[in-house]
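# Survey of secondary and tertiary structure
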Amino acid sequence: MGLRGSAVQHTSSVWKKIWRVKVPYRIQLFTWKALHGAIPVRDILHHRIHIPSMICPICHMEPETILHALVTCDKVENVWRISDLNVRTESFKDKTFLDWVNYWMDGNNEDLLASVMTLMWSIWCSRNNLLFNGRTDNERSIIHHAHSMYPNIGPRRMILGSNLNRYGSPHTSWNPPPQGWIKANTDGAWDSSSLHGGLGLVLRNHNNIFLFAAAIFCYASSAEETEVRAIWTAMRKARELKVKKLLIESDAAFLVDQLNRKEFCGVWNTDAYFKDIQDWWIEFEDVKFVYIPRTCNLVAHDTAAWAKNSCYMICSGQHRLSGCYQPYRKTVLICRFLSLLI
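These figures come from a predicted structure and were not determined experimentally.

## With respect to the overall build of the chain
Within the chain, the secondary structure is distributed over 14 helices and 6 strands. Relative to its 342 residues, the chain shows a buried fraction of 52%. Taking contacts inside the chain between residues at least 6 apart in sequence as the whole, the part at least 24 apart equals 65%. Looking at the chain as shown, the accessible area adds up to about 15800 Å², and 53% of this sits on carbon and sulfur atoms.

## Points about the nonpolar core
Among the nonpolar cores identified, the biggest contains 48 residues, and Leu70, Trp80, Phe97, Trp100, Leu119 and Met120 are the most heavily contacted of them. Elements represented by at least two residues in this core include exactly helix H2 (11-20), helix H3 (25-35), helix H5 (66-72), helix H6 (74-82), helix H7 (97-105), helix H8 (110-133) and helix H9 (139-149). By residue number, the principal contributor to this core is H8, which donates 11 residues. In this structure, Cys218, Leu246, Phe264 and Trp281 belong to the second largest nonpolar core, which totals 39 residues.

## Concerning the packing of aromatic side chains
For the structure on display, the rule yields 13 aromatic pairs. Residues Tyr103 and Trp104 carry aromatic rings whose centres are separated by 5.0 Å and whose planes lie at 85 degrees to one another, so their mutual orientation is edge-to-face. Note on Trp104: relative accessible area 9%, which makes it buried. Seen in terms of ring centroids, Trp232 and Trp280 are 5.5 Å apart; in terms of plane orientation they differ by 35 degrees. Their pairing is tilted. A residue pair is termed long-range when its members are at least 10 positions apart, and Trp232 in helix H10 (residues 223-240) and Trp280 in helix H12 (residues 271-281) qualify at 48 residues. Per residue, the accessibility class of Trp232 equals that of Trp280, and both read buried. Positioned above the aromatic ring of Phe212 is the side chain of Lys237, whose terminal nitrogen or guanidinium carbon lies 4.6 Å from the ring centre. The ring of Trp281 carries Lys262 above its face, with NZ or CZ at 5.1 Å from the centroid.

## Here we look at the packing of H10 against helix H11 (residues 253-260)
It is the contact of H10 with H11, at a shortest axis distance of 10 Å, that shows an interaxial angle of 50 degrees. Looking at the two axes, H10 sits oblique to H11. Between H10 and H11 lies a crossing whose hand is right-handed. Contacts between H10 and H11 involve Glu224, Glu227, Val228 and Ile231 on the former and, on the latter, Phe254, Leu255 and Leu259. Among the residues making up the contact of H10 with H11, the classes are represented as 5 nonpolar, no polar and 2 charged.

## Here's the deal with the packing of H6 against H9
Closest axis-to-axis distance for the H6/H9 pair is 9 Å, and the angle between their directions is 60 degrees. Between H6 and H9, the crossing angle belongs to the class labelled oblique. Read as a crossing pair, H6 and H9 show a hand that is right-handed. Of H9, the residues touching H6 (which contributes Lys75, Asn78, Val79 and Ile82) are Glu139, Ile142 and Ile143. A breakdown of the residues in the contact of H6 with H9 according to their chemical character gives 4 nonpolar, 1 polar and 2 charged.

## Overview of the pattern of salt bridges
Taken as a whole, this structure holds 12 salt bridges when the rule is applied. Two residues, Asp74 and Lys93, come together in a salt bridge whose shortest N-O distance is 3.6 Å. In this pair, Asp74 is assigned in helix H6 and Lys93 in the loop between H6 and H7, connecting sequence segments 19 residues apart. Of the residues examined, Asp74 reaches a relative accessible area of 31% and is grouped as partly exposed. In this structure, a network of salt bridges that share partners links the residues Asp74, Glu77 and Lys93.

Reading the values: the criteria
- Residues numbered from 1 in each chain as written.
- Predicted model: local features only at pLDDT ≥ 70, side-chain atom pairs only at ≥ 80, totals over all residues.
- Heavy atoms only, no water.
- Helix = DSSP H or I, 4+ residues; strand = E, 2+ residues; numbered from the N terminus.
- Buried < 20%, exposed > 50% of the residue type's maximum accessible area, 1.4 Å probe, protein only.
- Contact = heavy atoms within 4.5 Å.
- Areas by Shrake-Rupley, 256 points an atom, 1.4 Å probe, with all protein chains shown as cover.
- Core = buried A, V, L, I, M, F, W, Y, C linked by side-chain atoms within 4.5 Å.
- Phe/Tyr/Trp six-rings, centres within 6.5 Å; stacked < 30°, edge-to-face > 60°.
- Lys NZ or Arg CZ within 6 Å of the ring centre and 35° of its normal.
- Axes fitted to C-alpha atoms, helices over the stretch in contact; angles between N-to-C directions.
- Parallel < 35°, antiparallel > 145°, perpendicular 65-115°, else oblique.
- Left-handed = near helix turned anticlockwise from the far one by under 90°.
- Nonpolar A, V, L, I, M, F, W, Y, C, P; charged D, E, K, R; others polar.
- Salt bridge = Lys/Arg side-chain N within 4 Å of Asp/Glu carboxyl O.

Remember, this is a structural readout, not a statement about activity or role.
This is the structure:
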């Protein structure tokens, strides 16, 4: 029935550490609920509302407790093993979920705890995708989803090794699009404490000629919101430039997957952007969304980070993006910055 007895005894220290971690609020709340035995795994539902089976819907071998669903299920173990954390979870099978969380709290490393919390959230989302949507996510997509939800820029980012590229791309640097196409590289940056966000986008043609770039500051409620808004802004600009064939590259794998499946439903802060993307899609001769690793997306990444940290909105190119704030001296600075990057 969850961790009612052991968890409540340690609320003061545990909860303070959870709320300090700089991850989206939904992930903090999810971790808090998991420690309270308040997420609907089958073991809990079997005892509370008497569902017929408590067996895990993923491995079909053991009762689905919270610890099993998020940590020790055989298929979940693979996710933890190949992640940046590189942890073997079988030693926790005779422990409690609180023991697991305390294990990561002992070092007082908030970045490390953020990685664990975001990966648990992504594992739970994948579990629900299987149960309610009939979709099976592989280990790599689960890790990339967790990575996209982790807003802090630092050495403990949740990343795959270089040999585990999401789509097997051999490229480690930016490559021009095919002739006749325009490539838009996009990225978002977000700080959960200030809610400051940054959008970065760069448009170039097959000759590697720079057409347009923007560093746009915004307020946002989540990391995924900034990623969606960056793609939305790139498509809007491409429409203004009368682009016929548009190739959009992003290092947000979960978002690229969603758009390639043509699933245009978002949450409260992203749904309107998805609906615009759906409507605009048909105005192009062709649109492609491609995942690339961070090493191929550094210009957009650094531009988004600049916008988030500087709180300015700057556009550079022959055509300005309507609504951008462009003080002259700041425009000169960011144009020089972009020219060095590109």
